[in-house]
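Per-entry structural report
So you can see what is in the structure, the chains are spelled out below.
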Amino acid sequence: MKHCALNALWISSLFLTVAAASEECDGDGCGERHNAWTSTGGCNQRAFTWDSFVCVCSGTSCDLPGPIPHPDDAASYTVVTTDRQQLRFAVTQNSPVTLPAEGSRLMRINTNIQYQEMLGFGGAVSDSAGLSFFSLGEDSQNNLIRSYFGPDGISYNMVRIPIAGSDFSTRTYSYDDHEGDDKLERFALAEEDLMYKIPLLLRAKSLAAETSELLMFASPWSPPAWMKTNGKFHGSGALRAEMGRPYANYICRFLQEYAKRGLDMWGITTQNEPLSGREEWPFNTCLFEAPVLREWMAEHLLPVLQEASLLDRLNIMISDQGRDYLSKYSDEVLQHDTLSKKVAGIAIHWYQDTDDNVQALTQTRALFPDQFTLHTEACMGFDSPPGEKVKLGDWGRAERYAESIIENSNHGTSGWVDWNMALDMEGGPNWVSNFVDAPIIVDANKDTFYKQPMFYALGHFSKFVARGARAVYHSLLTEAPSGLQASAFRNPDGGVVVVLLNTDETEAAVSIQPQMSESKYFNIVMPPKSIKSVLYRQS
């Protein structure tokens, strides 16, 4: 491999029991028949201040849903339920009926009308996620990583990795903090990589391989400070013009050093939130206006990656910021003929999401049909007051996650990747005290971690929607927004997944017509504030 800087050179068995509930199905118009599959590792509920609860995990106990396959044929369907009140991944099997339930909302599915191909779901292994993970004992670590990546967990198959430091680090640093070292002779991975991120990623990769290849992609927050116009990791500095090639070499060296350790990156984003540096940004950033990024990529990054034999197998994504700049920024970069052919995707963050700009998603897909769009960062608590950065057991945050995944999936986005997979009780560590929430919160003093409602919201998608699935037509797509939201997918093996979200405080009834040509229905009762995944096969 050529040297970039020189340009020349357990699974423990999960026993499932089937228990028939007291409620019986009495005919075509009935609701779900409850034959509940329950795992031996059920949720150890704990309520804090907020409106729902967390599931408490340690080295000796943790709820793991286990394998939840699609039915073998069209004679039955499976429903997985999580709600605010009491349920986490409760599984029932049911039979279709010949009439929709009276007064229900009708949802028709047509799997012949297909949209974008799905890449997957996942989260980020930041320095803070790694530190939080390794603050636990070995057995607790195993349960945490199984919860995310194991086939008995929620089957994450994508991971984002910061290149060097971000705000979710305990310090500011790069891989070469020696000013003037243009040839990167003193480049070296940091303790955070060698002790935390890389060991965690290797374990995640091994677990994920049992169900799907783990796609890893990396994002830079800032070049070494001495390569920037302001000499700082944060603030309003941009890349110095003469640092174009050294910085491209720096990115390439990161990719090579991780590859040497068994971690080949599937992709990179060119810069995390590239326009944040227009102001005095409080944490790691680098201003990349679109024309500057276009020139740097064409003249430096792509040639360096090509010479290192990395370009053709690396999925390069641009933008990596909110919707407000999505189409315009991407257009300015992709005006370059070479970049329009070599850029694989457009990355999206959720911090600017509003009802008014959701069409930016479909507009971007329409403008750039050769590039996929991928949601690459989200978190709750970033705009919350002190004391509410982490909300243990808050249902509203789970609901917000599910709404975002449904909205993005219904508007052409090929996957959804969360921010930090795990944080401490404060929502950090974070060198600039930019604390936020996470789907898993670690209490190192008790060797315990808490699975937030957000964790299960994500799992309703990540566990069931396989890579290569296609988003498909459902009739709620064309109806006015209401408390009932949905997305639908057809997996490569023919299994269909419908995810339903009820945001109302009242029960909702929906009748799914799985094939528009047949008088067959799945009558589903949605509890208040609930999420359901419906799994079936077509006849």
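Given the structure is predicted, the values throughout are model-derived calculations rather than measurements. Once a new chain begins, its residue numbering starts again from 1 and follows that chain's sequence as written. With pLDDT at 70 or above as the cut-off, local features in this predicted model cover only qualifying residues; side-chain atom pairs require 80 or more to be listed or tallied, and sums for whole chains, interfaces and linings still use all residues. Note that the side-chain values use all heavy atoms of the structure and ignore hydrogens as well as water.

**Section: the overall build of the protein**
Of regular secondary structure, the protein possesses ten helices and 24 strands. With the radius of gyration taken over C-alpha atoms, the globule rule is written as 2.2 Å times the number of residues to the power 0.38. Relative to the 2.2 N^0.38 estimate, which gives 24 Å for 539 residues, the radius of gyration of the protein is 23 Å and therefore close to what a compact globule would have. Categorising residues by exposure relies on relative accessible area from a 1.4 Å probe, with only protein chains included: less than 20% of the type maximum marks a residue as buried, more than 50% marks it as exposed, and the intermediate range marks it as partly exposed. When burial is assessed residue by residue, the protein has 61% of its 539 residues classed as buried. Each accessible area value is a Shrake-Rupley result obtained with a 1.4 Å probe; residue values ignore everything except the protein chains displayed when judging cover. About 19,800 Å² of surface is accessible on the protein, with carbon and sulfur atoms providing 48% of the total. All tallies of charge rest on Lys and Arg as positive and Asp and Glu as negative; His and the ends of each chain are not included. Each charge is placed at NZ for Lys, CZ for Arg, CG for Asp and CD for Glu. On the protein, the mean spot of the 44 positive side-chain charges and the mean spot of the 67 negative ones are 4 Å from each other. Every helix listed is a DSSP run of H or I at least four residues long, and every strand listed is a run of E at least two residues long, numbered separately from the N terminus.

**A closer look at the sheet that holds strand β9 (residues 158-163)**
Strand pairing follows a simple DSSP-based rule, namely that at least 2 bridges must link the two strands. What the eight strands build is a closed barrel, ordered β8-β9-β10-β11-β12-β13-β14-β15; its pairing is parallel. The mean angle between the axes of side-by-side strands here comes to 25 degrees, regardless of whether they run parallel or antiparallel. Where strand β14 (residues 372-377) and strand β15 (residues 413-420) come together, two bridges link them in parallel fashion. Opposite H375, over in β15, you have W416 as the bridge partner. Sitting on the sheet, helix α4 (residues 244-260) is in contact with β9, β10 (215-220) and β11 (267-269), with an inclination near 130 degrees to β9. Throughout, a residue-residue contact means that at least one pair of heavy atoms, one from each residue, lies within 4.5 Å. All axes are obtained by fitting lines to C-alpha atoms, using only the stretch in contact for helices, and the reported angles, taken between N-to-C directions, cover 0 to 180 degrees. Along the sheet, helix α8 (residues 359-367) makes contact with β13 (343-349), β14 and β15, crossing β14 at roughly 140 degrees.

**Some details on the environment of E403**
Checked against the element boundaries, E403 lands in helix α9 (residues 395-409). A C-alpha to C-alpha distance of 9.4 Å links E403 and A457, two positions 54 residues apart in sequence. Excluding residues within four positions of it along the chain, E403 makes contact with Q485, L501 and T503.

**Things to note about the side chain of D320**
Its place among the elements puts D320 in strand β12 (residues 315-321). Residue class for D320 comes out buried when judged on its relative accessible area of 0%. Among the polar contacts listed, one links the side chain of D320 to the side chain of T269, at a separation of 2.7 Å. Ignoring sequence-local partners within four residues, the contact set of D320 consists of R160, S219, T269, Q271, N272, E273, P274, A347, I348, H349 and T376. Within 3.5 Å is the distance limit for a polar contact, defined as a pair of N or O atoms, with the added protein rule that one can donate a hydrogen and the other accept it, and that residues adjacent in sequence qualify only through two side-chain atoms.

**Topic: the nonpolar core**
Core analysis: the largest hydrophobic core is formed by 128 residues, its most contacted members being F149, Y175, F254, M265, W296 and M297. When residues no more than four places from it in sequence are discounted, the contact partners of F254 are I163, Y175, F187, L189, A218 and M265. In plain words, nonpolar cores are sets of buried Ala, Val, Leu, Ile, Met, Phe, Trp, Tyr and Cys residues tied together by side-chain atoms within 4.5 Å.

**Comments concerning the side chain of Q116**
Along the chain, Q116 falls in strand β7 (residues 105-117). Of the residues examined, Q116 reaches a relative accessible area of 5% and is grouped as buried. Engagement of the side chain of Q116 in a polar contact is seen with the backbone oxygen of S409, the distance being 2.8 Å. Those residues within four positions of Q116 in sequence are excluded, and the remaining contacts are R365, N408, S409, G412, T413, S414, A469, R470 and A471.

**A short note on the sheet that holds strand β16 (residues 422-424)**
Ordered by their spatial adjacency, five strands build an open sheet running β3-β4-β18-β17-β16, and the pairing between neighbours is mixed. Looking at the sheet topology across the chains shown, the edges are occupied by β3 (45-46) and β16. Contacting β17 (440-443) and β18 (448-451), helix α2 (residues 138-149) runs over the sheet at an angle of about 20 degrees to β18.

**Digging into the pattern of salt bridges**
Here the idea is simple: oppositely charged side chains can pair when their charged atoms come close. For this document, the term salt bridge refers to a Lys or Arg side-chain nitrogen within 4 Å of an Asp or Glu carboxyl oxygen. Counted according to the given criterion, the structure contains 27 salt bridges. Measuring nitrogen to oxygen at the nearest pair gives 3.6 Å for the salt bridge that ties R203 to E138. You can see R203 sitting in helix α3 (residues 191-208) and its partner E138 sitting in helix α2, a full 65 residues away along the chain. According to the relative accessible area criterion, E138 is partly exposed, its value standing at 48%. With a shortest N-O distance of 2.6 Å, R240 and E242 are connected by a salt bridge. R240 gets classed as partly exposed once you look at its relative accessible area, which sits at 25%. Residue class for E242 comes out partly exposed when judged on its relative accessible area of 48%.

**Points about the packing of aromatic side chains**
Stacked, tilted and edge-to-face are the three classes assigned to paired rings of Phe, Tyr and Trp, where Trp is represented by its six-membered ring and a pair needs centres within 6.5 Å; plane angles under 30 degrees give stacked, over 60 edge-to-face, the rest tilted. Evaluation of the coordinates by the stated rule reveals 31 aromatic pairs. Aromatic pair F89 and F464: ring centres 6.1 Å apart, planes at 25 degrees, arrangement stacked. Separated by 375 residues along the polypeptide, F89 in the loop between β5 (77-83) and β6 (90-94) and F464 in the loop between α10 (453-462) and β19 (470-474) bring together distant segments of the chain. Exposure remark for F89: the relative accessible area of 8% places this residue in the buried category. With a relative accessible area of 4%, F464 lands in the buried category.

**Observations concerning unusual backbone geometry**
Across the chain, the bulk of peptide bonds are trans and the bulk of non-glycine residues have phi less than zero. For the peptide bond that leads from G428 to P429, omega is 5 degrees, which places it in the cis range. For P429, the position within the fold is in the loop between β16 and β17. A positive phi angle is found at F89, which is not glycine, with a value near 55 degrees. Of note, the phi angle at E273 is positive, near 45 degrees, even though the residue is not glycine. Relative to the helices and strands, E273 resides in the loop between β11 and α5 (290-307). For E273, a relative accessible area of 15% puts it in the buried group.

**Section: the state of the cysteines**
Note on disulfides: each one is a pair of cysteine sulfur atoms within 2.5 Å. Under the criterion given, the structure shown has two disulfides. The residue that forms a disulfide with C43 is C55, at a sulfur-sulfur distance of 2.0 Å. As the torsion about the S-S bond is roughly -105 degrees, the C43-C55 disulfide counts as left-handed. In this pair, C43 sits in the loop between β2 (35-39) and β3 while C55 sits in strand β4 (residues 54-57), placing the two residues twelve residues apart along the sequence. For C43, a relative accessible area of 26% corresponds to the partly exposed category. When its relative accessible area of 0% is taken as the criterion, C55 is described as buried. The partner cysteine of C57 in its disulfide is C62, sulfur to sulfur 2.2 Å. Because the sign of the S-S torsion sets the handedness, a value of about 70 degrees for the bond joining C57 and C62 places this disulfide among the right-handed ones. An identical accessibility class is assigned to C57 and C62; each is buried.

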